[in-house]
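Residues per chain, in single letters:
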Amino acid sequence: LAAMVCALRARGDPRFPVAFAMLVAGFASRAPAHGHFYREPIALPTLHIVGDADAVIAAPLSRELARCFVGPVVLTHPGGHFIPAAAAQKKAYLEFLERFCPGQGQAERPGAGEV
């Protein structure tokens, strides 16, 4: 569903004012009626989080979805169907999100325990 919303937004649909998306274990709908969402590259910045050992949404399905987007950022982790929270993944999340915070890229980050 999130990918379909991204496709609508990329085509200018004003109902979905999103600037980017983070898709965890995302996959394209296999319903024939939804095929039009994926025919053209989706020009919306995205971060795709893919678990190599995901037994719920197989990693190849998430990678296939990422290929539907223009310039996707793909973050893989060796685990399963969860949002990884190790330091390396947190750094990747912050780097992706900083692109959408004008003037914040060089700002001092909060210390441990601060938000």
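Here, the structure is the one placed above.
Residues numbered from 1 in each chain as written. Predicted model: local features only at pLDDT ≥ 70, side-chain atom pairs only at ≥ 80, totals over all residues. Heavy atoms only, no water.

A. Broad picture of the pairing of strand β1 (residues 21–24). Burial along β1 is one-sided: the residues A21 and L23 are buried and none of M22 and V24 is. Inspection of the sheet shows β1 paired to strand β2 (residues 46–51) by 4 bridges, in the parallel sense. Each bridged residue has a counterpart across the sheet, and for A21 the counterpart in β2 is T46. (Buried < 20%, exposed > 50% of the residue type's maximum accessible area, 1.4 Å probe, protein only. Helix = DSSP H or I, 4+ residues; strand = E, 2+ residues; numbered from the N terminus. Pairing = 2+ DSSP bridges.)

B. Main features of the packing of aromatic side chains. In the structure shown here, the tally under the stated rule is 4 aromatic pairs. Where F20 meets F96, the ring centres are 5.8 Å apart and the plane angle is 80 degrees; that geometry is what we call edge-to-face. Taken together, the residues F20 in the loop between α1 (2–10) and β1 and F96 in helix α3 (residues 87–98) connect sequence positions 76 residues apart. Of the residues examined, F20 reaches a relative accessible area of 29% and is grouped as partly exposed. A residue is classified by how much of its surface remains accessible, and F96, at 2% relative accessible area, is buried. (Phe/Tyr/Trp six-rings, centres within 6.5 Å; stacked < 30°, edge-to-face > 60°.)

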